[in-house]
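Descriptive analysis of the structure
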Amino acid sequence: DAGVIQSPRHEVTEMGQEVTLRCKPISGHNSLFWYRQTMMRGLELLIYFNNNVPIDDSGMPEDRFSAKMPNASFSTLKIQPSEPRDSAVYFCASSSWGGGDRREQFFGPGTRLTVL
Amino acid sequence: AQKVTQAQTEISVVEKEDVTLDCVYETRDTTYYLFWYKQPPSGELVFLIRRNSFDEQNEISGRYSWNFQKSTSSFNFTITASQVVDSAVYFCALSGNTNAGKSTFGDGTTLTVKP
């Protein structure tokens, strides 16, 4: 299996620009999670989906952040407009949940975002 | 509400020493799942082990062992004969039986193994 795929791996942008992070979960997994990790705040859950439906977006910091999952194999996290304080590593993770499965999360390699 | 506490923020040991990372959890769920993840300096988060609440059997995998005790709500992780490659941040996590697999993570323990 290819594992969770994230792109880009690194993104450097200027304040005010739109940023789109992409994630392809492991085939067959039905839950997808977006996290943000910084030294100051640690690992934070931003939003998660189950069967392509957003379940909880209470971790999304502001309206500047949005996430979509148009199908089972693709999700995006968008920041518009970006700000320097958004600089972090963003992780996508997927898992199989339901029908007796209560499985662990598998993480992508992360996208390191730097907003200048 | 669920909570995971990793009281040890940082641990430093010398190679070949044994080290135990503590994890204490809180949950009202009768069925739940516990996990350990490793984040080496390269940055990726790697799943290590899952333990179901109805299975208190301890597990050993090479130099790694896990001690799950429901009576004390703990799920501790021991590395025997530590090696420099074990240096990483280790996260303990808890998932209930609902919420589509959402996990509550501890703040992590940074382990440094010195040669």
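Below you will find a few notes about this structure.

**Comments concerning the state of the cysteines**
All names here are of chain B. In total, this model carries two disulfides over all chains according to the counting rule given. With its sulfur 1.9 Å from that of its partner, C23 forms a disulfide with C92. Across the disulfide from C23 to C92, rotation about the S-S bond amounts to roughly -65 degrees, and the bridge is consequently left-handed. Residue C23 is located in the loop between β3 (19–21) and β4 (24–26), and its partner C92 is located in strand β10 (residues 88–95); the two are separated by 69 residues in the primary sequence. Judged on exposure class, the residue C23 and its partner C92 are both buried.

**A closer look at the pattern of salt bridges**
Residues and elements named next belong to chain A. One pass over the full model with this rule turns up 13 salt bridges over all chains. The shortest N-O distance in the salt bridge between E62 and R64 comes to 2.8 Å. Under the relative-accessibility criterion, E62 is labelled partly exposed at 26%. By relative accessible area, which is 9% here, R64 ends up buried. In this structure, D86 and R64 form a salt bridge, with 2.7 Å as the shortest nitrogen-oxygen distance. Here D86, found in the loop between β8 (74–79) and β9 (88–95), pairs with R64, found in the loop between β6 (53–56) and β7 (65–71); they are 22 residues apart in sequence, far enough to count as distant. Here the residues in one salt-bridge network are E62, R64, E83, R85 and D86, joined through shared partners.

**Here we look at the packing of aromatic side chains**
Scanning the entire structure with this criterion turns up 20 aromatic pairs over all chains. Plain terms: the ring middles of Y35(A) and F107(A) are 5.4 Å apart, the flat faces sit at 40 degrees to each other, and that makes the pair tilted. In this pair, Y35(A) sits in strand β4 (residues 31–38) while F107(A) sits in strand β12 (residues 106–107), placing the two residues 72 residues apart along the sequence. Residue Y35(A) shares its accessibility class with F107(A), and that shared class is buried. A centroid spacing of 5.4 Å and a plane angle of 50 degrees characterise the contact between W36(B) and F77(B), whose relative ring orientation is tilted. Within this pair, whereas W36(B) is found in strand β5 (residues 33–39), its partner F77(B) is found in strand β9 (residues 74–79), the two being separated by 41 residues in sequence. For F77(B), a relative accessible area of 0% puts it in the buried group. Of the aromatic side chains, those joined through ring pairs into one cluster are F33(A), Y35(A), Y48(A), F91(A), F106(A), F107(A), F35(B), Y37(B), F47(B), F91(B) and F105(B).

**What to know about the side chain of T76(A)**
With respect to the secondary-structure elements, T76(A) resides in strand β8. Other than its neighbours up to four places away in sequence, T76(A) contacts T20(A), L21(A), R22(A), W34(A), S66(A), A67(A) and K68(A).

**Points about the side chain of Q105(A)**
Residue position: Q105(A) is located in the loop between β11 (101–102) and β12. On the accessibility criterion, Q105(A) (1% relative accessible area) is buried. Of note is the side chain of Q105(A), whose polar atom sits 2.7 Å from the side chain of Y35(A). Polar contacts involving the side chain of Q105(A) include one to the main-chain carbonyl oxygen of G101(B), which spans 3.2 Å.

**Quick look at the sheet that holds strand β1 (residues 5–7) of chain A**
Residue and element names in this part refer to chain A. Across the sheet, four strands lie side by side as β1-β3-β8-β7; this open sheet has antiparallel pairing. Two strands in the sheet have a free side with no partner beyond their single neighbour: β1 and β7. Across the sheet, the axes of successive neighbouring strands diverge by a mean angle of 15 degrees, strand direction being ignored. Bridge count between β7 and β8: five bridges; the pairing is antiparallel.

What counts and how
- Residues numbered from 1 in each chain as written.
- Chains lettered and ligands numbered in written order.
- Predicted model: local features only at pLDDT ≥ 70, side-chain atom pairs only at ≥ 80, totals over all residues.
- Heavy atoms only, no water.
- Disulfide = S-S within 2.5 Å.
- Helix = DSSP H or I, 4+ residues; strand = E, 2+ residues; numbered from the N terminus.
- Buried < 20%, exposed > 50% of the residue type's maximum accessible area, 1.4 Å probe, protein only.
- Salt bridge = Lys/Arg side-chain N within 4 Å of Asp/Glu carboxyl O.
- Phe/Tyr/Trp six-rings, centres within 6.5 Å; stacked < 30°, edge-to-face > 60°.
- Contact = heavy atoms within 4.5 Å.
- Polar contact = N/O pair within 3.5 Å; in protein donor to acceptor, adjacent residues only side chain to side chain.
- Pairing = 2+ DSSP bridges.
- Axes fitted to C-alpha atoms, helices over the stretch in contact; angles between N-to-C directions.

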